[in-house]
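# Architecture and fold: a report
Here is how the chains run, residue by residue.
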2 protein chains.
Amino acid sequence: MQLYHRDVISQAVKIDHDAMAAVEAGFVALGRGEVVQPPILSMAIEESNGEVDVKTAHIRGAERFAIKISPGFFDNPKLGLPSLGGLMLVFSAKTGQLDALFLDEGYLTMVRTALAGAIAARYLARQDSRRVTVLGAGEQAECQVEALCLVCDIDTIDVWARRPVAAEAYAERMRTRGFRVEVHGSVHAACERADIIVTTTPSRHPILHARDLPEGVHVTAIGSDSPEKRELDESVLTRADAFVCDTRAQSESNGELKALGGKEAPFKVHELGRVIAEGQRLRLSDATITVCDLTGTGVQDTAIAGFALSRLADD
Amino acid sequence: MQLYHRDVISQAVKIDHDAMAAVEAGFVALGRGEVVQPPILSMAIEESNGEVDVKTAHIRGAERFAIKISPGFFDNPKLGLPSLGGLMLVFSAKTGQLDALFLDEGYLTMVRTALAGAIAARYLARQDSRRVTVLGAGEQAECQVEALCLVCDIDTIDVWARRPVAAEAYAERMRTRGFRVEVHGSVHAACERADIIVTTTPSRHPILHARDLPEGVHVTAIGSDSPEKRELDESVLTRADAFVCDTRAQSESNGELKALGGKEAPFKVHELGRVIAEGQRLRLSDATITVCDLTGTGVQDTAIAGFALSRLADD
């Protein structure tokens, strides 16, 4: 068993085309029905305002699979600790032996989540997208943009965040990376000129409505990954010409399909892996509005962990 | 994060009264409704004849919780590797930080499973039990008897196993431990004089029937821990004066309540933790027949892991 810490892993695995190809291959396998992916194991630890999630998936025929354990303890900042942690265990799919333990503190999750956003944009957004609106100002607000640059020439960011000071700080950070950045006082103003909108907040109520969507926009919803979170108003889903999610089951339980409150969707629900695997063209014109809801899947973890191990073993 | 291997763990944690008290406290907490215990996460890896199970539980107010990962790869013996492995991760229930990794290769599972059998016998079997019938001749066949000796004065073992040579080898091993051992050619003959019967086989079909049960016997069923396994005929369940399991939900999905094929039980289903917590007396006389189905619960893992860490931290 090899033990790797975050610093070593973050040197070996970056938000780049190789890592994106690995995660995309995971989605394609999922789309082809080649993945065993059990429901997420989730346990609340109420007295500490905490929870722990366990995700896993196996790509049939792959040499290894990963199990990811993600604790979220939301009072940790009071103790000077991060809220979110995480580690991955990589097992041989031949023998079940533990090959590696990644004490990555959520780094690989950050990377594979950013890359999923880029993959969604690659297959759903206009290829000439240059202007991205980011709702939220946290870690994913940064690395979603970094990943989008792998698939289109982003030069301008419009940002809105619940706390204006957080949006300003984000704008400063992204300007030093060479982007033009405008901070907006409302979601509507932030979205007016968007080619792509990325929602990456911990919101429990819809922040984006159909009236905020410019023609031809692509929306990627990242924030909602648990039963109580939600970023998109139902009108966004019904306004979209194509609604895509990573997995329908997770979107219904943890993602934006919760907006339907258990009703049958009055639109077709696509899954990203199948869209890619089958070469479905959901964008029919520059006016098509596409929405992709990403809740985070075990196959992404297995894909990025296998990629990380191949990189680290090469070193 | 502290890393412990099997050899160190097995020096610190034995089948003894202290470890039994820790596991019993877990059952009692479960019985009092003080435990959060999500359903088992289970994933098959068909091409390798493998599966992996993840169990966890949190005892409200406890300092730590464990997550156990148990791979079972049943072609491993062809490669000179054991079929069953396992490891436990121990997390702080205050912060979600990883405190310890036990690379115990299933050792703590072996111990807590044996202790659960002893706990069941303590509350359900006749106190003067001396003669135990063991169906099966594997690791649990040995350590169930070792654990029973914590709660009653076992001096004689009657053993039956599907492979006579395995039963003979088991008999030899247990004789060197000071037990009188008789090997039997049939389940019925093995059970004739039993005070306690322990079933610990990987059987997929019932091996024990009501006609095999002597008056006043206590039966502990250990083997069935997955949807396809089963050791008790339905007649054993209906013949029993009291049927107890570790958790009803797991007994229905993975244990002996599968015998009912989804029908409502025509008898009361007790749970071991509540029996202990509420001081229920299910044995009314020396003629009472009791059955306890143990499928293995996350709270046992959390209990034994917390106990192990306290022992190892003392060293």
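Residues numbered from 1 in each chain as written. Chains lettered and ligands numbered in written order. Predicted model: local features only at pLDDT ≥ 70, side-chain atom pairs only at ≥ 80, totals over all residues.

### Here's the deal with the overall build of chain A
As a reminder, the rule being used: Elements are defined by DSSP. Helices are runs of H or I of four residues or more, strands are runs of E of two residues or more, and each kind is numbered from the N terminus. Throughout, the radius of gyration refers to the C-alpha atoms, and the reference size of a globule is 2.2 Å times the residue count to the power 0.38. For every residue, the other C-beta atoms within 10 Å of its own C-beta are counted; 20 or more classify it as buried, 12 or fewer as exposed, and values in between as partly exposed. C-beta atoms are placed from the backbone. Working definition of a contact: two residues with C-beta atoms, positioned from the backbone, lying within 7 Å.
Of regular secondary structure, chain A possesses ten helices and 15 strands. The globule rule puts the C-alpha radius of gyration for 315 residues at 20 Å, and the 19 Å found for chain A is close to it. Counting every position in chain A, which comprises 315 residues, the buried fraction comes to 52%. In chain A, 70% of the contacts between residues at least 6 apart in sequence involve partners at least 24 apart.

### What to know about the relation of the copies chain A and chain B
The condition that has to hold: Least-squares superposition aligns the copies on the C-alpha atoms of those residues with pLDDT at or above 70 in both.
Rotating chain A by 180° about the axis while translating it 0.0 Å along that axis superimposes it on chain B, leaving an RMSD of 0.0 Å. Within this description, the copies of the chain are treated as partners about a two-fold rotation axis. In terms of proximity to the rotation axis, the leading residue of chain A is L41 of chain A, whose C-alpha is 3.0 Å off the axis. Taken together, the interface assignments show that 100% of the residues at the interface of chain A recur at the interface of chain B, consistent with an identical surface on both copies.

### A few points about the sheet that holds strand β11 (residues 196-199) of chain A
Residue and element names in this part refer to chain A. Quick note on the threshold: In this analysis, strands are considered paired if DSSP registers two or more bridges between them. Axis geometry follows a simple rule: fit a line to the C-alpha atoms, using only the stretch in contact for helices, then measure angles between N-to-C directions, giving values from 0 to 180 degrees.
Here we have eight strands laid out as an open sheet, ordered β10-β9-β8-β11-β12-β15-β13-β14, and parallel in their pairing. Looking at which strands have only one partner, the edges of the open sheet turn out to be β10 (180-183) and β14 (269-271). The sheet shows a mean angle of 20° between the axes of neighbouring strands, direction not considered. For strand β13 (residues 242-245) and β14, the ladder comprises three bridges, and the chain directions are parallel. Its bridge partner lying in β14, V244 is registered against H270. Across the sheet, helix α3 (residues 107-124) touches β11, β12 (218-221), β13 and β15 (290-293), and the angle it forms with β12 is around 155°.

### Quick word on the sheet that holds strand β9 (residues 156-160) of chain B
Residues and elements named next belong to chain B. Across the sheet, which stays open at both edges, the eight strands sit in the order β10-β9-β8-β11-β12-β15-β13-β14 with parallel pairing between neighbours. Of all strands in the sheet, those with a lone pairing partner are β10 (180-183) and β14 (269-271), marking the two edges. The average angle at which neighbouring strand axes cross in this sheet is 20°, direction not considered. As defined by bridge partners, β9 adjoins β10 across four bridges and the pair is classed as parallel. In the sheet register, D158 faces β10, and the bridge partner there is E182. Contacting β8 (131-135), β9 and β11 (196-199), helix α4 (residues 139-148) runs over the sheet at an angle of about 160° to β8.

### Focus on the interface of chain A and chain B
Put simply, the rule is: In the scheme used here, Gly and all other residues not listed as nonpolar or charged are polar, with Ala, Val, Leu, Ile, Met, Phe, Trp, Tyr, Cys and Pro taken as nonpolar and Asp, Glu, Lys and Arg as charged.
Listed by partner, the interface residues are 37 residues for chain A and 37 residues for chain B. Mapped onto the side of chain A that touches chain B, the elements with two or more residues apiece are β3 (41-45), β4 (50-59), β5 (64-73), β6 (87-92) and β7 (98-103) of chain A. Here the residues of the side of chain A that touches chain B sort into 22 nonpolar, twelve polar and three charged.

### Description of the environment of V198 of chain B
Residues and elements named next belong to chain B. Mapped onto the elements, V198 comes out in strand β11. Taking the C-alpha atoms as reference, V198 lies 30 Å from I45; in sequence the two are 153 residues apart. Aside from chain neighbours lying at most four places away, what touches V198 is G117, V132, V134, Q144, T220 and I222.

### What about the domain arrangement of chain A?
Residue and element names in this part refer to chain A. What counts is decided by this rule: Domain segmentation is taken from an automatic or database assignment of domains.
Here chain A is partitioned into domain 1 (2-108 + 299-314) and domain 2 (116-297). On the side of domain 2, 16 residues touch domain 1, which itself brings 14 residues to the contact. Those elements giving two or more residues to the side of domain 1 that touches domain 2 turn out to be α2 (17-31) and α10 (298-314).

### Topic: the nonpolar core
Stated precisely, the cut-off is as follows: We define the nonpolar core as any set of buried residues of the types Ala, Val, Leu, Ile, Met, Phe, Trp, Tyr and Cys, connected via C-beta atoms lying within 7 Å of each other.
Within the largest apolar cluster, 209 residues are counted, with the highest numbers of intra-cluster contacts made by V159 of chain A together with V159 of chain B. If we skip the residues at most four places from it in the chain, V159 of chain B touches V134, A137, A167, Y170, A171, V181, V183, H184 and A190 of chain B.

### A closer look at helix α5 (residues 164-176) of chain A
Residues and elements named next belong to chain A. We apply this condition: Expected helix span is computed as 1.5 Å times (number of residues minus one).
Between its terminal C-alpha atoms α5 stretches 19 Å, which fits the 18 Å expected from 13 residues at 1.5 Å a residue. Next to the buried residues of α5 lie α4 (139-148), β9 (156-160) and β10. Note on α5: the residue one or two positions beyond its end, G178, has a positive phi of about 100°.

### Here's the deal with the environment of D195 of chain A
Note on placement: D195 of chain A falls in the loop between α6 (187-191) and β11. Here the alpha-carbon distance between D195 of chain A and T133 of chain A, two residues 62 residues apart in the chain, equals 7.8 Å.

### Points about unusual backbone geometry
For N49 of chain A, which is not a glycine, the phi torsion comes out positive at approximately 50°. Of note, N49 of chain A is situated in the loop between β3 and β4.

### Things to note about the packing of α3 of chain A against α4 of chain A
Residues and elements named next belong to chain A. We count it as follows: Throughout this description, any angle smaller than 35 degrees is read as roughly parallel, any larger than 145 degrees as roughly antiparallel, any in the 65 to 115 degree range as roughly perpendicular, and the remainder as oblique. By definition, turning the near helix anticlockwise from the far helix through less than a right angle yields a left-handed crossing, and turning it clockwise yields a right-handed one.
Interaxial distance between α3 and α4 falls to 8 Å at its minimum, and their mutual angle equals 50°. The pairing of α3 with α4 is recorded here as oblique in orientation. Crossing hand, α3 versus α4: right-handed. Between α3 and α4, the contacting residues are M110, T113, A114, L115, G117, A118 and A121 on the first element and E139, Q140, C143, Q144, E146, A147 and L148 on the second. Partitioned by chemical class, the residues of the contact of α3 with α4 number eight nonpolar, four polar and two charged.

### Things to note about the pairing of strand β4 (residues 50-59) of chain B
Residue and element names in this part refer to chain B. With eight of its ten residues buried, β4 lies for the most part within the structure. Note: strand β2 (residues 35-36) against β4, two bridges, orientation antiparallel. Residue V36 lies in a different strand from β4, and its bridge partner there is H58. By the bridge criterion, five bridges tie strand β3 (residues 41-45) to β4 in an arrangement that is antiparallel. If you follow A44 over to β4, its bridge partner there is E51. The pairing of β4 with strand β5 (residues 64-73) spans eight bridges and is antiparallel.

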